[in-house]
Amino acid sequence: MNILIAARLAFSRILATKTRSGLTMLGIIIGVMSLIALVSVAQGATSGIQDQFKGLGARNLNITGTTSTSLTIDDAREIEKEPGIEIVSETVSGRATLSSNQASTRAQIVGVDSDYKSVVDPDIFVGSFLPDVETASDARLIVLSTTLATDLELDAFSIGSTIAVGSTEFTIVGILDDADGFGTRGTAYIPLETAFKYVAVPPYLSSITVQTINEEIVPEVTANLTALLKARHNITGEREADFVITDASQLLDAIGTVQQFLSLLLGGIASISLVVGGIGIMNIMLVSVRERTREIGIRRAIGAQQSQILTQFLIEAIVLSLVGGIIGVIIGEIVAYFLAQLGEWNFVLSPSMILASLGFSMFVGVVFGVWPARTASKLKPVEALRFE
Amino acid sequence: MSTVVEMLNVTKTFGEGSSIVKALDGVDIRIEKGEFVAIVGASGSGKSTMMNLIGCLDRPTTGLVKVAGEDLSNLNDKKLTSLRNYAIGFVFQSFFLLPKTDALDNVATPLFYRGVPAKEARKKAMEMLSKLGMADRYTHQSTELSGGQQQRVAIARALVTQPSLILADEPTGALDSTTGKQVMDLFENLNREGITIVLITHDLEIAKRAKRRITLKDGKIINDERGAA
Ligand SMILES: Nc1ncnc2c1ncn2[C@@H]1O[C@H](COP(=O)(O)OP(=O)(O)OP(=O)(O)O)[C@@H](O)[C@H]1O
Ligand SMILES: [Mg+2]
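A quick note: this is a predicted structure, and the numbers were derived from the prediction, not measured.

Reading guide: rules and limits
- Residues numbered from 1 in each chain as written.
- Chains lettered and ligands numbered in written order.
- Predicted model: local features only at pLDDT ≥ 70, side-chain atom pairs only at ≥ 80, totals over all residues.
- Heavy atoms only, no water.
- Buried < 20%, exposed > 50% of the residue type's maximum accessible area, 1.4 Å probe, protein only.
- Helix = DSSP H or I, 4+ residues; strand = E, 2+ residues; numbered from the N terminus.
- Pairing = 2+ DSSP bridges.
- Axes fitted to C-alpha atoms, helices over the stretch in contact; angles between N-to-C directions.
- Contact = heavy atoms within 4.5 Å.
- Phe/Tyr/Trp six-rings, centres within 6.5 Å; stacked < 30°, edge-to-face > 60°.
- Lys NZ or Arg CZ within 6 Å of the ring centre and 35° of its normal.
- Polar contact = N/O pair within 3.5 Å; in protein donor to acceptor, adjacent residues only side chain to side chain.
- Buried area = accessible area lost by both parts, 1.4 Å probe.
- Salt bridge = Lys/Arg side-chain N within 4 Å of Asp/Glu carboxyl O.
- Nonpolar A, V, L, I, M, F, W, Y, C, P; charged D, E, K, R; others polar.
- Parallel < 35°, antiparallel > 145°, perpendicular 65-115°, else oblique.
- Left-handed = near helix turned anticlockwise from the far one by under 90°.

> Sorry, what's going on with the pairing of strand 9 (residues 212-217) of chain B here?
In regular strands, side chains alternate between the two faces of the sheet. Residue and element names in this part refer to chain B. The element strand 9 is largely enclosed, with a buried count of 5 among its 6 residues. Two strands pair when backbone bridges link them, and strand 3 (residues 36-41) and strand 9 are joined in this way by 5 bridges, in the parallel orientation. Within strand 9, the position partnered with Ile39 by the bridge is Ile214.

> What is the right way to read the sheet that holds strand 7 (residues 165-169) of chain B from this model?
All names here are of chain B. Strand order in the open sheet made by the 6 strands is 6-7-8-3-9-10, with mixed pairing throughout. Of all the strands in the sheet, the pair left with one neighbour each is strand 6 (88-91) and strand 10 (220-226). Pairs of neighbouring strands in the sheet enclose a mean axial angle of 15°, with direction left out of account. Pairing geometry for strand 6 and strand 7, over 4 bridges, is parallel. Within strand 7, the residue paired with Phe90 across the bridge is Leu167. Running over the sheet, helix 2 (residues 77-87) touches strand 6 and strand 7 and is turned about 75° from strand 6.

> Would you mind showing me how to read the packing of aromatic side chains here?
Think of a pair of aromatic rings as described by two things: how far the centres are apart, and how the planes are tilted against each other in angle. Within this structure, the stated rule accounts for 9 aromatic pairs over all chains. When the centroid spacing of 5.8 Å and the interplanar angle of 75° are considered together, the rings of Phe170 of chain A and Tyr198 of chain A count as edge-to-face. On the criterion of sequence distance, the pair formed by Phe170 of chain A in strand 8 (residues 168-176) and Tyr198 of chain A in helix 6 (residues 192-198) is long-range, its members being 28 residues apart. For Phe170 of chain A, a relative accessible area of 0% corresponds to the buried category. Residue Tyr198 of chain A is classed as partly exposed on the basis of its relative accessible area of 32%. On the numbers, 5.6 Å between centres and 5° between planes, the contact of Phe90 of chain B with Phe92 of chain B is stacked. Residues Phe90 of chain B and Phe92 of chain B agree in their burial class; the two are buried. Stacked on the ring of Tyr86 of chain B, the Lys or Arg Arg114 of chain B has its end atom at 4.0 Å from the ring centre.

> What am I meant to see in the side chain of Ser377 of chain A here?
Residues and elements named next belong to chain A. Within the element layout of this structure, Ser377 appears in helix 11 (residues 351-378). A polar atom in the side chain of Ser377 sits 3.0 Å from the backbone oxygen of Arg374. In this structure Ser377 touches Arg300, Gln306, Ile309 and Leu310, once residues within four positions along its chain are discounted.

> What is the right way to look at the interface of chain B and chain A in this model?
Where interface size is quoted, it is often the accessible area lost as the parts come together. Taken together, the contact between chain B and chain A spans 26 residues of the former and 22 residues of the latter. Roughly 2,200 Å² of surface becomes buried between chain B and chain A when both sides are summed, with 62% attributable to carbon and sulfur atoms. It is Phe96, Lys100 and Tyr113 of chain B in chain B that bury the most area against chain A; as a group they hold 33% of the surface buried on that side. For Asp77 of chain B, the salt bridge is made with Arg300 of chain A, and the minimal N-O distance between the two is 2.8 Å. Our count for the contact surface shared by chain B and chain A stands at 11 residue pairs in polar contact (both at pLDDT 80 or more). Mapped onto the side of chain B that touches chain A, the elements with two or more residues apiece are helix 2, helix 3 (103-114) and helix 4 (118-131) of chain B. Among the elements that line the side of chain B that touches chain A, the one with the most residues is helix 2 of chain B, at 6 residues. Classifying every residue of the side of chain B that touches chain A gives 11 nonpolar, 7 polar and 8 charged.

> I'm lost on the packing of helix 10 (residues 306-343) of chain A against helix 11 of chain A in this one. Help?
Between two packed helices, the angle of one axis relative to the other and the distance separating the axes together describe the packing. Residues and elements named next belong to chain A. The geometry of helix 10 relative to helix 11 is characterised by a closest axis approach of 7 Å and an angle of 150° between their N-to-C directions. Our classification of the angle between helix 10 and helix 11 gives roughly antiparallel. By crossing handedness, the relation of helix 10 to helix 11 is classed as right-handed. For the contact of helix 10 with helix 11, the class distribution of residues is 16 nonpolar, 8 polar and 3 charged.

Nothing here speaks to function; it is geometry throughout.
Quick look at the structure:
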């Protein structure tokens, strides 16, 4: 008997006993459904975060000093001379009290040079980011984050009005959109030169941001800059460097790891339910083999080989689990779609995930179908025929 | 004439120790091609045990059983199964049609197991159903057929493989007397065409229609008579 006939037999049995087959498949359906839905949640939720971070620039390197006097303007000048670098932006930071007419709060004040805009590309809510200012000028201009503006009880019409940084008056030129907030919450920005006057001490920088000419060169530039700064800071041998260089790829890697971990965790949980579903199939198949003992006896009498009985029952288990898997995939994708709508991430139909789920449910069918099928094939024809 | 079944000093025992049962005890028979044999005997006399041996469903405890020239003791399960498929056509008391399977596929199944392509197997099955007057019922499942009709489908299934012999265990046992007679008419016709038939029965009226009657008692043959009774 060829596989086709066995498969047809299995399908007609499943159709003939719809309720029981449905109940038998239920475990697999739920297992595959949760597998698809949970993994899509893990991937959807984290890919959203990943996309946000990608926007930060995969070409960017950030150098921060481990002490407030680690990095200097001269370091930045030397870094500019290195190959493969497009832009070098310097920042300093300090803390100060900000006061509006209504309220006051302590905040982090970051002094940024004119290149900062093009490297970081901050999102403006109203107004504009800091304009290019003359070197050594005393432009008392300030950009606030939405959070700070709220804390200071300022509204969108406050552009052009003044607030005090410490005791000095600054003019508000813009308010940042914190929505995709990446370290900007609670921060105010002023020009670098101005910052050196009021909140920081020259020539020390708190960080240097470097934009490379392309993404591929990032590791190489990281190595160069590490060597350069170590030499400039007289750090030799085992001594720990007084600066840290990070790039977006490390962040993206970390998020990728989280995504993988989440997928594995949720997928693993769902797989357990798939295995439970498989045990369900095995149970019903064992009952079914008992009930059909006489049928098996008849088949053996009229010439079915043990292997053919085995194939018949194995295919029945596989068809059950595969049909269950297909139903589970369909429901799972529908659930994933609605979860994506709810969580506002992109719904992605992943063919490899679907294939893997179907493959896995088939595998479960084989594993848990073997025992019942073997039991069926090992029945003695004479005894099976006598079975009532 | 060629010998279809040969039994030499066959015993078959069940159980062991004090609970041992000798179901067959020194049986010798030969059944030639074209014979029509009835095996009769009281309940527990060993008829079904003998049929299981002739039907290649079981092996003897001692002695020699040859079916279609093959010594059963030399055959493994696989060969024994093939021998059943090729040499024997079974007809059972309770018909034993396959559930959830229409008449056509019931008849075609022995050919499926033999590896005959589905289309060809169904064509042969259809021819056999026609021969037994069941062509118009080929889509019916057993639950949609009367007892007599089910037995006709079962006989078609037994015949479709062109076996060396038809082995029937109480084939009329579950039928009313009229339908039972029709089935016996059918067997007589088939036998006239040259098909070897071995049937087991309690019913002496039925046994009388066979050309040879073998009577069992306590696992021994006590009578073997030929010719119409
Ligand atoms: N599988 C078995 N295990 C144990 N004893 C058995 C088995 N099969 C048959 N026997 C015994 O062997 C003897 C012969 O049984 P068998 O079934 O051949 O009788 P029978 O002539 O077919 O009877 P009936 O007319 O009631 O069907 C009986 O005593 C029965 O109890
Ligand atoms: Mg019996």
